[in-house]
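Residue-level listing of the chains:
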Amino acid sequence: MYRIGIDLGGTNIAAGVVDESQHIVAEVSVPTGAERGAEAVVADICRAAELAMARAGITAAHCASIGIGSPGTCDGSRGVVVRAYNLGWFNVPVCDMVTARLGLPCRLSNDANCAALAETVAGAAVGCRNMVLVTLGTGVGVGIVSDGKLLEGVGGTGAEAGHAILVLDGEPCTCGRKGCWEAYASATALIRQGRRAALAHPESRLARCGDALTAKDVFDAADGGDKTAQAVLAQYYVYVAAGVTDLVNILGPEMVLIGGGISRQGERLLSPVREYVAANCFGGHDRLPPVIEAARLGNEAGIIGAAAL
């Protein structure tokens, strides 16, 4: 039997047909158009699923289920998106709405949870029953698999480690608090750190980028020997690693995967994170630190993980 996975984003809806070997055999993407309201978006979720099935040469009769990975707080037990600010959704019973049209059982979870689940069934953590996925992008997303199951918390409110405090009364965070890990370890935070460094060091290559500076510019400048950029990255790696160390101390996972755009830097990010975690996690040299690697599935993770729900 096949399964349908839906990766619901603020910009696009990606729908895929996933086979029993966890391969995407057909995929369709359509604009989300969240401003139209939940009814219209859910109709397009169903339309995208139907188009993906048609592209795969199958019908709903060949599918066991449909899964949806959504941003925001998702109550998987009720199939309800409780709140997703970038969609403008509040208490949307998306699973009931999808099942009513497609006739398939529907499951729901947060998109970071789906990405973590995907890595355990088809990515870098296959066979791992206790793992954490950290995605470093616009924000910091975290998905946790504990004893082979997603750790979602009551009503889907758990695993928001990006909003654990790293620096008391520190940088403002989008959640309304100050000093969250996300405010220091996201790609957005790295851009802010780079821009501040550029203002303080106008001789730096970073200053040439002006307000258009990106996270990649910081890495490129460091590659070119720019001392200011290298100092920014050295501090950024500590911010990332400190949050990972907290997760290791709390959860004791076998593996920590780093995903998101920053993870494309590979070993230049992973190596200092590993060193920091090994030196600072509780128990130090008396414990075996987790394996820390880059996530593998990239943009496929959302569909594969949603289908695996």
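Preceding block: the structure.
Everything in this summary refers to the structure shown in the same document. Remember, it's a predicted structure, so these values are computed and weren't measured experimentally.

About the cut-offs
- Residues numbered from 1 in each chain as written.
- Predicted model: local features only at pLDDT ≥ 70, side-chain atom pairs only at ≥ 80, totals over all residues.
- Heavy atoms only, no water.
- Helix = DSSP H or I, 4+ residues; strand = E, 2+ residues; numbered from the N terminus.
- Rg over C-alpha atoms; globule rule 2.2 N^0.38 Å.
- Contact = heavy atoms within 4.5 Å.
- Lys, Arg positive; Asp, Glu negative; His and termini not counted.
- Charge placed at Lys NZ, Arg CZ, Asp CG, Glu CD.
- Buried < 20%, exposed > 50% of the residue type's maximum accessible area, 1.4 Å probe, protein only.
- Pairing = 2+ DSSP bridges.
- Axes fitted to C-alpha atoms, helices over the stretch in contact; angles between N-to-C directions.
- Patch = residues over 30% accessible without salt bridge, like charges linked within 9 Å, V, L, I, M, F, W, Y side chains within 5 Å.
- Areas by Shrake-Rupley, 256 points an atom, 1.4 Å probe, with all protein chains shown as cover.
- Salt bridge = Lys/Arg side-chain N within 4 Å of Asp/Glu carboxyl O.

**Here we look at the overall build of the protein chain**
Link 1 in the chain: Along the protein chain, the regular secondary structure elements total 9 helices and 13 strands.
Link 2 in the chain: Its C-alpha atoms give the protein chain a radius of gyration of 20 Å, near enough to 19 Å, the size a compact globule of 309 residues would have.
Link 3 in the chain: Over its C-alpha atoms, taken along the principal directions, the protein chain stretches across nearly 60 × 45 × 35 Å.
Link 4 in the chain: Pairs at least 24 residues apart make up 59% of the contacts formed inside the protein chain by residues separated by at least 6 positions.
Link 5 in the chain: Averaging the positions of the 24 positive and the 31 negative side-chain charges in the protein chain gives two centres separated by 2 Å.

**Things to note about the pairing of strand E8 (residues 106-110)**
Link 1 in the chain: In terms of burial, E8 is a largely internal element, 4 of the 5 residues being buried.
Link 2 in the chain: Where strand E4 (residues 63-70) meets E8, 5 bridges bridge the pair, whose relative direction is parallel. By the bridge assignment, Ile66 is partnered in E8 with Cys106.

**Quick look at the sheet that holds strand E9 (residues 131-136)**
Link 1 in the chain: Reading across from one edge, E11-E10-E9-E12-E13 is the order of the 5 strands in this open sheet, with mixed pairing throughout. Each of the sheet's edge strands pairs with one partner strand only, and the pair in question is strand E11 (149-150) and strand E13 (291-294).
Link 2 in the chain: Pairing analysis gives 6 bridges linking E9 to strand E10 (residues 140-146), with the strands arranged antiparallel. Residue pairing in the sheet places Thr135 in a bridge with Gly141 of E10.
Link 3 in the chain: Against the sheet, helix H3 (residues 111-122) touches E9, E10, E11 and strand E12 (255-259), its axis set at about 50° to E10.
Link 4 in the chain: Sitting on the sheet, helix H7 (residues 227-251) touches E9, E10, E12 and E13, and the angle it makes with E9 is about 155°.

**Examining the environment of Asn86**
Link 1 in the chain: Positionally, Asn86 belongs in the loop between strand E6 (80-84) and strand E7 (89-92).
Link 2 in the chain: The class of Asn86 is partly exposed, set by a relative accessible area of 49%.
Link 3 in the chain: Asn86 sits 76 residues away from Gly10 along the chain, and the two C-alpha atoms are 5.9 Å apart.
Link 4 in the chain: Look past the residues within four positions of Asn86 in its chain and what remains in contact with it is Gly10, Ala34 and Pro71.

**So, a nonpolar patch on the surface**
Link 1 in the chain: There is a patch of nonpolar side chains on the surface, built from Leu151, Ile250 and Leu251 and spanning about 270 Å² of accessible area.
Link 2 in the chain: With respect to the element layout, Ile250 can be found in helix H7.
Link 3 in the chain: The class of Ile250 is exposed, set by a relative accessible area of 68%.

**Section: the side chain of Gln193**
Link 1 in the chain: Tracing the backbone shows Gln193 in helix H5 (residues 187-200).
Link 2 in the chain: With a relative accessible area of 16%, Gln193 lands in the buried category.

**Observations concerning the pattern of salt bridges**
A side chain of one charge can pair with a side chain of the opposite charge when the charged atoms of the two come close.
Link 1 in the chain: Throughout the structure, instances matching the rule amount to 11 salt bridges.
Link 2 in the chain: One salt bridge connects Arg101 with Glu50, and the closest N-O pair in it is separated by 3.2 Å. With Arg101 in helix H2 (residues 94-102) and Glu50 in helix H1 (residues 38-56), this pair connects stretches of sequence that are 51 residues apart.
Link 3 in the chain: Residue class for Arg101 comes out partly exposed when judged on its relative accessible area of 44%.
Link 4 in the chain: Across the salt bridge formed by Glu171 and Arg196, the nearest N and O atoms sit 2.3 Å from each other. Of this pair, Glu171 sits in the loop between E11 and helix H4 (182-185) while Arg196 sits in helix H5, and the two are 25 residues apart along the sequence.
Link 5 in the chain: When salt bridges that share partners are traced, they join Arg36, Asp44 and Arg47 into one network.

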